[in-house]
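# Coordinate inspection notes
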Amino acid sequence: MVEKDGTDLGKRLYIKTYGCQMNVYDSARMADLLAPLGYHIAAAAGEADMVILNTCHIREKAAEKVYSELGRLRALKRARAASGGRMVLAVGGCVAQAEGAEILRRAPHVDIVFGPQTYHRLPAMVAGILAAPAGGAARGLLDTDFPEEAKFDFLPEAAAASPGVAAILSVQEGCDKFCSFCVVPYTRGAEYSRPVADVVAEARRLVAAGAREITLLGQNVNAYHGAAPNGGAGEWGLGRLIHALAEIAGLARIRYTTSHPGDVDEALIAAHRDVPQLMPFLHLPVQSGSDRVLAAMNRKHTADDYRRLVERFAAARPDMAFSSDFIVGHPGEDEVDFAATLALVEGIGYAQAFSFMYSPRPGTPAAQAPQLPDEVKAARLATLQELLWAQQRRFNEACRGDVLPVLLERPGRHPGQLIGRSPYLQSVHVEGSAHLLGALLPVRIVGAGQNSVAGVLEADVPEIGPAAAAVSA
Ligand code: SAM
Ligand code: SF4
């Protein structure tokens, strides 16, 4: 794009990201991949030379939402062509993987459809599209393979541009568990762990660029088994990886998500006891409190297995707080099963949680089973959410009066307001000057709401390091 004064601004790229943190990570990598082709991030689709929809297929109507967005983009693409420009339109992520050629059939104005495991090939795909005359290409490009080569080996180093104080880092991808309800094994493919050396190198770069907290990401992150560094034999699990990351100077906090109960090992539990940088907060999805439903879901653990795991984490780290995912209305769930889920929630006491109505995903086993009526699912979800929200309010309320280390991440909506995170992932609002952004400071909690807590900076307290992250709850 050339401005009136002749300045070449390069090409503009707009990426709309749906769904999970892994998609957020992938979108950042796509931007890194396309930067050498001259693409800079645009603020809106209307000003972009290339638009990517990085999609999510985990729950209902995902594909329909993408098609309606593509309808809106068709008008923008036409307007751009009418003014002599060109917009390349690409659809990536899990809807692209699941729908494939159907996207090109229903939305012929799409230029590229690519899957989560082929986005490292984007530069070649874009070059191929741009080599064809605008409007002349007979059809769009489709690349939804599960290639032999590991995508991560072909990605450029993450850009040195600021990753923010709280950064994300994908260490593991895909899943071999095949829970009855879940599309991930089909859209993301087989489980894969990045080598330890690659993860540590990326973490070092993130810290050098200003990150103080890193969340390790994976669809099933605690299945991590990366090749040992320095030609060492065997593989490292997540616990050992966390120990290695904790040695990076300047990295104050480590988190990881999402874990499967079946892949928790002693080393991971011990890491919560031994690594002060590892936050005392765990998102451990259980999905249901009924053993019958857990078996139907192919979860390979019982409700009691899960309770025992929670107890072991809490024994290793007494101030540990827990979060989870729940699905209500899985095929076969009856009122007794649902009562078991409520009982499990009552027993554990969550700091926060996500809960969903079961949504049949095409191609998954549970989608073929007889379905529960929507009204039943909706009523159970409302009951469960009421209980979970009450627990979250209680947890936030219990922090009133505590002094928690808070990593100040971004300005708030009001002037003079800063927003940070407590060790327990609570959003903490404080009054403070913008120069404190990026600092990890003690904050006295003085107010508690449903989704956040309010605090005041403790006066005259020097910044605290990771060793002080263990907080008296
Ligand atoms: N790997 C994680 C685990 O084992 O629990 C979960 C990853 S999944 C991307 C995130 C959450 O979406 C799941 O924990 C589940 O609660 C929810 N989810 C997945 N498929 C769903 C479906 N078909 N209907 C409703 N919720 C679903
Ligand atoms: Fe999906 Fe998680 Fe089950 Fe894997 S373990 S199939 S990602 S819910």
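Note that the structure is a prediction, hence the values are computed from the model and not measured.

### Thoughts on the site of ligand 1
Around ligand 1, a shell composed of 16 residues is seen, among which F181, Q219, Q287, D325 and S359 lie nearest. Taking Q219, its main chain carries an N or O atom lying 2.7 Å from a nitrogen atom of ligand 1. Within the side chain of R299, a nitrogen or oxygen atom sits 3.0 Å from an oxygen atom of ligand 1. Expressed as a share of its isolated accessible area of 570 Å², the protein-covered part of ligand 1 is 90%. Among the elements of the structure, β15 (321-328) and β16 (352-357) are those that each provide at least two residues to the shell around ligand 1. Residue classes in the shell around ligand 1 are distributed as seven nonpolar, five polar and four charged.

### A short note on the site of ligand 2
Contacts to ligand 2 come from C175, K177, F178, C179, F181, C182, V184, P185, H260 and R299. Looking at the shell around ligand 2 residue by residue, the class counts come to seven nonpolar, one polar and two charged.

### With respect to the packing of helix α9 (residues 266-274) against helix α11 (residues 303-316)
The interhelical angle for the contact between α9 and α11, taken along N-to-C directions, is 35°, at an axis separation of 8 Å. Of α11, the residues touching α9 (which contributes E266, L268, I269, H272 and R273) are R312, F313 and A316. Here the residues of the contact of α9 with α11 are counted per class, giving four nonpolar, one polar and three charged.

### Quick look at the nonpolar core
In this structure, L216, L241, L245, Y256 and Y350 are the most contacted members of the largest nonpolar core, which totals 66 residues. Among residues more than four places away in sequence, those in contact with L245 are V199, V200, A203, L216, L251 and I254. The next biggest cluster of nonpolar side chains, apart from the first, holds 24 residues, and it includes M22, A31, I52 and Y119.

### Quick notes on the side chain of H120
One can find H120 in the loop between β5 (112-114) and α5 (122-131). Residue H120 is classed as buried on the basis of its relative accessible area of 7%. The residues touching H120, leaving out its near neighbours within four places in the chain, are L33, P147, E149, K151, F154 and L155.

### Considerations on the sheet that holds strand β21 (residues 452-457)
Read once around its circumference, the closed barrel built from five strands follows the order β17-β18-β19-β21-β20, with strand pairing classed as mixed. Between one strand axis and the next, the sheet turns through 55° on average, direction left out of account. Two strands pair when backbone bridges link them, and strand β18 (residues 417-421) and strand β19 (residues 427-431) are joined in this way by five bridges, in the antiparallel orientation. In the strand pairing of β19, G420 is matched with V428.

### With respect to unusual backbone geometry
With omega at 5°, the peptide bond leading from T257 into T258 counts as cis. Among the secondary structure elements, T258 is positioned in the loop between β13 (253-257) and α9. The phi dihedral of F178 is positive, around 50°, even though this residue is not glycine. On the secondary structure map, F178 appears in the loop between β8 (172-173) and α6 (184-187). Assessed through its relative accessible area of 36%, F178 is described here as partly exposed. Within the chain, Q287 stands out as a residue other than glycine whose phi angle is a positive 75°. Relative to the helices and strands, Q287 is located in the loop between β14 (281-283) and α10 (291-296). A residue is classified by how much of its surface remains accessible, and Q287, at 6% relative accessible area, is buried.

Scoring rules and cut-offs
- Residues numbered from 1 in each chain as written.
- Chains lettered and ligands numbered in written order.
- Predicted model: local features only at pLDDT ≥ 70, side-chain atom pairs only at ≥ 80, totals over all residues.
- Heavy atoms only, no water.
- Near = heavy atom within 4 Å.
- Polar contact = N/O pair within 3.5 Å; in protein donor to acceptor, adjacent residues only side chain to side chain.
- Areas by Shrake-Rupley, 256 points an atom, 1.4 Å probe, with all protein chains shown as cover.
- Helix = DSSP H or I, 4+ residues; strand = E, 2+ residues; numbered from the N terminus.
- Nonpolar A, V, L, I, M, F, W, Y, C, P; charged D, E, K, R; others polar.
- Axes fitted to C-alpha atoms, helices over the stretch in contact; angles between N-to-C directions.
- Contact = heavy atoms within 4.5 Å.
- Core = buried A, V, L, I, M, F, W, Y, C linked by side-chain atoms within 4.5 Å.
- Buried < 20%, exposed > 50% of the residue type's maximum accessible area, 1.4 Å probe, protein only.
- Pairing = 2+ DSSP bridges.

Functional significance is not addressed by these values, which are geometric in nature.
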